[in-house]
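# A closer look at the structure
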Amino acid sequence: MIVASKIKNVVRDVIDFPKPGIVFKDITPILKDPLLCADIVIELGLQVKGLKVDVVAGIESRGFLFGPQLAQLLKVPFVPIRKEGKLPYKTIKQSYELEYGSAVIECHEDAIINGQHVLIHDDLLATGGTVVAATKLIQQLGGAVTGYSFIISLDFLNGKKRLAAYSDQVFALANY
Ligand code: AMP
């Protein structure tokens, strides 16, 4: 079975979480299947094979599940992008709109070296607001976003279209 089908078989729809009207894609069942986790890391790596990647930046919190493993596979550093107030050192901040609310993300001011090519990873692409905010953080530090990597894309929310202004290299393992 291909990895997209395996993912779709285990991902759980949670209705009205965290707000009425949202169908939340719960990826935690994936984590119970170590063979599927291994397949996912390999497939994420294959999808970005043609890209120049110096750093993988992952977004809190579900971007921390596979982002560091993808970085290890690509033999590049991993940079955490976190919700406001979590990172201990000096940070830069960016606010953004979510499918279900608004938030602020930040990264350390020395997270990216000027000119580095950065692959942004998160578990799921919805409207694209989160990764656009992450892109702005990276650009502020002089990084160039070379692409976006997700486990899941909710294609009907047109996030990919929104990301086209930054990169057309948008990859997901399972599309809805
Ligand atoms: P967006 O900024 O709209 O692309 O939202 C993406 C971020 O919000 C990711 O970090 C996701 O984990 C989370 N998210 C948004 N919508 C959903 C959803 N329907 N199911 C699971 N996670 C979601």
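Scroll up to find the structure.
Read on for an overview of the structure. (Residues numbered from 1 in each chain as written. Predicted model: local features only at pLDDT ≥ 70, side-chain atom pairs only at ≥ 80, totals over all residues. Heavy atoms only, no water.)

## What to know about the pairing of strand S3 (residues 55-59)
The test is simple: For each residue, the accessible area found with a 1.4 Å probe, counting protein chains only, is set against the maximum for its type, and the residue is called buried under 20%, exposed over 50%, and partly exposed in between. Runs of H or I in DSSP of at least four residues are treated as helices and runs of E of at least two as strands, each being numbered from the N terminus. In short, DSSP must find at least two bridges between two strands for them to pair. A right-handed crossover is one whose linking path, passing over the helix from the first strand to the second, runs clockwise when the strands point away from the viewer.
Of all the five residues making up S3, five are buried; the element is thus mostly covered by neighbouring parts of the structure. A two-sided burial pattern is seen for S3, the buried positions comprising Val55, Ala57 and Ile59 on one face and Val56 and Gly58 on the other. Sheet topology note: the S3/strand S7 (residues 117-125) ladder contains four bridges and is parallel. The partner of Val55 across the bridge, within S7, is Val118. Here four bridges tie S3 to strand S4 (residues 78-83), and the two strands are oriented parallel to one another. Its bridge partner lying in S4, Val56 is registered against Phe78. Between S3 and its parallel partner S4, the chain crosses via helix H4 (residues 63-74), and the hand of that crossover is right-handed.

## Some thoughts on unusual backbone geometry
A cis geometry characterises the amide bond from Phe17 onward to Pro18, with omega recorded as -5°. In this structure, Pro18 sits in the loop between strand S1 (12-15) and strand S2 (23-26). A cis amide bond, omega -10°, links Glu60 with the succeeding residue Ser61. Tracing the sequence through the fold places Ser61 in the loop between S3 and H4. For Asp16, which is not glycine, the phi dihedral falls at a positive 60°. Within the secondary structure, Asp16 sits in the loop between S1 and S2. For Asp16, a relative accessible area of 45% gives the class partly exposed. Phi angles above zero are rare outside glycine, and Lys75 is one such case at about 60°. Following the sequence through the fold, Lys75 ends up in the loop between H4 and S4. By relative accessible area, which is 73% here, Lys75 ends up exposed.

## Structural notes on the environment of Glu106
The condition is simple: The contact rule is simple, with two residues in contact once any of their heavy atoms fall within 4.5 Å. Under this definition, polar contacts are N or O atom pairs within 3.5 Å; protein pairs additionally need one hydrogen-donor-capable and one acceptor-capable atom, and for neighbouring residues in sequence, both atoms have to be side-chain atoms.
Secondary-structure assignment places Glu106 in strand S6 (residues 101-108). For Glu106 and Ala4, which are 102 residues apart along the polypeptide, the C-alpha to C-alpha distance reads 31 Å. If we ignore the near neighbours within four places in the chain, the residues touching Glu106 are Pro80, Ile81, Arg82, Lys83, Glu84, Gly85, Lys86, Leu87, Thr91, Ile92, Lys93 and Leu137. In this structure the side chain of Glu106 is engaged in a polar contact, spanning 2.9 Å, whose partner is the backbone nitrogen of Gly85. A polar contact is formed between the side chain of Glu106 and the side chain of Thr91, at a distance of 3.1 Å.

In short, shape yes, function no, at least from these values alone.
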